[in-house]
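Geometric and topological summary
What follows is the residue order along each chain.
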2 protein chains.
Amino acid sequence: MNAPEPRFARVAALIADASRARMLALLLGGEARSAGELARAVSITPQTASTHLAQLLDAGLVTLRAQGRHRYFTLADADVARMLEALASVAERDEVQTRWDTARFKPLKYARSCYCHLAGDLGVQQHDALIAQRVLVSDDAGALVLGEAASDWLHAARFSGEAVLSVRHAAKKKRFAYGCMDWSARRDHLAGAFASTLLTHYLDRGWLRKTSTHRALAPTPSGVGEFSRLFAAAFRQ
Amino acid sequence: MNAPEPRFARVAALIADASRARMLALLLGGEARSAGELARAVSITPQTASTHLAQLLDAGLVTLRAQGRHRYFTLADADVARMLEALASVAERDEVQTRWDTARFKPLKYARSCYCHLAGDLGVQQHDALIAQRVLVSDDAGALVLGEAASDWLHAARFSGEAVLSVRHAAKKKRFAYGCMDWSARRDHLAGAFASTLLTHYLDRGWLRKTSTHRALAPTPSGVGEFSRLFAAAFRQ
DNA sequence: CCAATGATTCGGTCTGGGTCGAAGTGCCTG
DNA sequence: CAGGCACTTCGACCCAGACCGAATCATTGG
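1. Here's the deal with the protein's contact with DNA strand D
- Taken together, 19 residues lie around DNA strand D, and Q47 and H52 of chain A together with G36, S50 and R71 of chain B are the ones closest in.
- The sugar and phosphate moieties of DNA strand D supply 72% of its atoms located within 4 Å of the protein.
- R71 of chain B places a side-chain nitrogen or oxygen 2.3 Å from a phosphate oxygen of DNA strand D.
- Broken down by secondary-structure element, the contributors of at least two residues to the surface near DNA strand D are α2 (18–27) and α4 (46–58) of chain A together with α3 (35–41), α4 (46–58) and β3 (70–75) of chain B.
- Sorting elements by how many residues they give to the surface near DNA strand D places α4 of chain A first, with 4 residues.
- When its residues are assigned to classes, the surface near DNA strand D shows 2 nonpolar, 12 polar and 5 charged.

Quick look at the structure:
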């Protein structure tokens, strides 16, 4: 009769603290951050941050890479990012319409990094376009795999021949591509290894650039053109 | 520079408390529960439960239906269920393999209700089978819609003619069917309005029955036969 | 080998929030 | 109308855990 305490309560408790939540929100940007950097960003002393990070590490929400006397933290994996986005999607619900339309949040709504893939309206467009153009198709199990139009599209997106091969190789792995609920658009954007590769590519080609402080990503003039060409099929909406 | 406190921290705080988490876990079963019932289930006094439920209600995690002097609570919507499952999927990670194989948890892993659809191994089989048989197919935007084999399958599943029509009508709505990460199987099971209809149908036909205390669902002898027939395509693995 | 810097550990303080007893409100039944 | 039941509100208590000061460890550079 007596329900046992669910394990998710413990994870929720880790996210519940304002300082830890702000650290996690920063890490959602995808980049590794040192302990001190995180402490300063959320205005707490290094020793407090240290205890917080130890807890996040212990629970497996973040991973650690020590480099000299710095310790760099990143989100553990895409599952953690998905969980945070799911929380945000419930937390933001009704606020979305009003808040997102302010000038301050518009860039964030248009495009941002989520862990290490593209989110926001542009991420949703990417998701819809790649499926509509059959670059990605559902296999028998409902997972997304490369479709018949994949090679053409990758070529059009200026992937090199060897890069295409490496994508094709990665496509065999689990978690290659899947939908992830976008909390501002409230529709799926594209997540997974393929989505990471694409975002890296966009940044490398200079179609997107990171903005100073936030997770927001701004398209460059050349990027605007490329995206409207590559995602043309999704622009019908 | 100073990162604002993310709104999801507030939601996480609501789930972080052991008593509230246990209530939410109970409500994940999909059935409405009265305040007193929830209080007894988690071993707290009615007045404590009342403050908890008021908070959950205020945050929109649960909804309320007052009936006489009883107040019945249910999970607010499928987004909340998805969020809880995402949390659980991170929280359970490594435990899954060991814990689920104990006799105590096996029924839960095999089939359980998630909000108001079918989860667990059977839920994953359903998801995979309906897609493999093209009862459900992805549309241009990646959402699942009824496919060319839908009518035949519904007929085979003993849906009446008018029930088939009502399903076809419901198929136009948003959130008709979509994948939802299953935290025990770690693959997608089927969620959405269609999934709810199917679970209700299985219960009505006596193919599944609710077990006493948990969210676990047990297949009846006739259910075993029906499921192996209806989900045949997924039994390859 | 000695600062200087990044990070952790320890000990003590303090507050937010969960808890229950007691009392109050509303609804249903006899 | 009276009594009972489901639930809520109020007040007081108490404790887990966030926080910081001080000290310690580790790495780098001079």
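2. Structural notes on the environment of Y115 of chain A
All names here are of chain A.
- Mapped onto the elements, Y115 comes out in the loop between β4 (112–114) and β5 (117–119).
- When the C-alpha positions of Y115 and T74 are compared, they lie 8.8 Å apart, and in sequence the two are 41 residues distant.
- Apart from the residues within four sequence positions on either side, Y115 is in contact with L28, G29, G30, L75, A76, D77, A78 and A81.

3. Structural notes on the nonpolar core
- The biggest cluster of nonpolar side chains holds 76 residues, and the ones touching the most others in it are I15 and M83 of chain A together with I15 and M83 of chain B.
- It is helix α5 (residues 78–92) of chain A that contributes the most residues to this core, 10 residues altogether.
- Beyond its immediate stretch of four places on either side in the chain, I15 of chain B contacts F8, A9, A12 and L87 of chain A together with A21, L24, L61, M83, L84 and L87 of chain B.
- By size, the runner-up hydrophobic cluster in this structure holds 33 residues, among which are A129, A171, F176 and F194 of chain B.

4. Some remarks on the pattern of salt bridges
- In total, this model carries 15 salt bridges over all chains according to the counting rule given.
- Salt-bridge contacts for D77 of chain B lead to R93 of chain A; the nearest nitrogen and oxygen are separated by 2.8 Å. Note that D77 of chain B is positioned in the loop between β3 and α5 (78–92) and R93 of chain A in the loop between α5 and α6 (95–100), a pairing that runs across two chains.
- A residue is classified by how much of its surface remains accessible, and D77 of chain B, at 23% relative accessible area, is partly exposed.
- Ionic pairing is found between E85 of chain B and R112 of chain B, a salt bridge with its closest N-O pair at 3.9 Å. With a gap of 27 residues between them, E85 of chain B in helix α5 and R112 of chain B in strand β4 (residues 112–114) connect regions that are remote in the sequence.
- Each of R158, E226 and R229 of chain A takes part in a single network of salt bridges with overlapping partners.

5. As for the protein's contact with DNA strand C
- Taken together, the neighbourhood of DNA strand C is formed by 20 residues, with G36, S50 and R71 of chain A together with Q47 and H52 of chain B sitting nearest.
- Take R71 of chain A: an N or O atom from its side chain is 2.4 Å from a phosphate oxygen of DNA strand C.
- Q47 of chain B is positioned such that a nitrogen or oxygen atom in its side chain is 2.6 Å from a base nitrogen of DNA strand C.
- The set of elements that each furnish at least two residues to the surface near DNA strand C consists of α3 (35–41), α4 and β3 (70–75) of chain A together with α2 (18–27) and α4 of chain B.
- Per element, the largest residue contribution to the surface near DNA strand C is 4 residues, and it comes from α4 of chain B.
- A per-class count over the surface near DNA strand C returns 3 nonpolar, 12 polar and 5 charged.

6. Thoughts on the sheet that holds β3 of chain A
Residues and elements named next belong to chain A.
- Pairing in this open sheet of 3 strands is antiparallel, and the strands run β1-β3-β2 from one edge to the other. Strands at the two margins of the open sheet, each flanked by one partner only, are β1 (33–34) and β2 (62–67).
- Of the pairings in the sheet, the one linking β2 to β3 comprises 6 bridges and is antiparallel in character. The residue bridging A66 from the neighbouring strand is R71, located in β3.

7. With respect to helix α10 (residues 161–170) of chain B
All names here are of chain B.
- For α10, every residue scored as buried is listed here: V164, V167 and A170. Summarising the axial view, the buried residues of α10 lie within an arc of 120°, below the 170-degree limit, and thus occupy one face. What points out from α10, more than 90 degrees from its buried face, is the exposed set G161, E162, L165 and H169.
- Contacts from the buried residues of α10 go to β7 (144–146), α9 (150–156) and α11 (193–204).

8. Quick word on the environment of Q125 of chain B
- With respect to the secondary-structure elements, Q125 of chain B resides in helix α8 (residues 121–132).
- When its relative accessible area of 17% is taken as the criterion, Q125 of chain B is described as buried.

9. A few points about the sheet that holds β3 of chain B
Residues and elements named next belong to chain B.
- Strand order in the open sheet formed by 3 strands is β1-β3-β2, with antiparallel pairing between adjacent strands. For this open sheet the edge positions go to β1 (33–34) and β2 (62–67), each flanked by a neighbour on one side alone.
- The sheet strands contacting α4 are β2 and β3, and the helix crosses β2 at an angle near 120°.

10. Considerations on the pairing of β3 of chain A
Residue and element names in this part refer to chain A.
- For β1 and β3, the ladder comprises 2 bridges, and the chain directions are antiparallel. Counted as the bridge partner of S34 is Y72 from β3.
- Here β2 folds back onto β3, and the loop between the two strands holds 2 residues, one of which, G68, carries a positive phi near 60°.

What counts as what
Residues numbered from 1 in each chain as written. Chains lettered and ligands numbered in written order. Predicted model: local features only at pLDDT ≥ 70, side-chain atom pairs only at ≥ 80, totals over all residues. Heavy atoms only, no water. Near = heavy atom within 4 Å. Polar contact = N/O pair within 3.5 Å; in protein donor to acceptor, adjacent residues only side chain to side chain. Helix = DSSP H or I, 4+ residues; strand = E, 2+ residues; numbered from the N terminus. Nonpolar A, V, L, I, M, F, W, Y, C, P; charged D, E, K, R; others polar. Contact = heavy atoms within 4.5 Å. Core = buried A, V, L, I, M, F, W, Y, C linked by side-chain atoms within 4.5 Å. Buried < 20%, exposed > 50% of the residue type's maximum accessible area, 1.4 Å probe, protein only. Salt bridge = Lys/Arg side-chain N within 4 Å of Asp/Glu carboxyl O. Pairing = 2+ DSSP bridges. Arc of directions from axis to C-beta. Axes fitted to C-alpha atoms, helices over the stretch in contact; angles between N-to-C directions.

The analysis is restricted to geometry; functional conclusions fall outside its scope.
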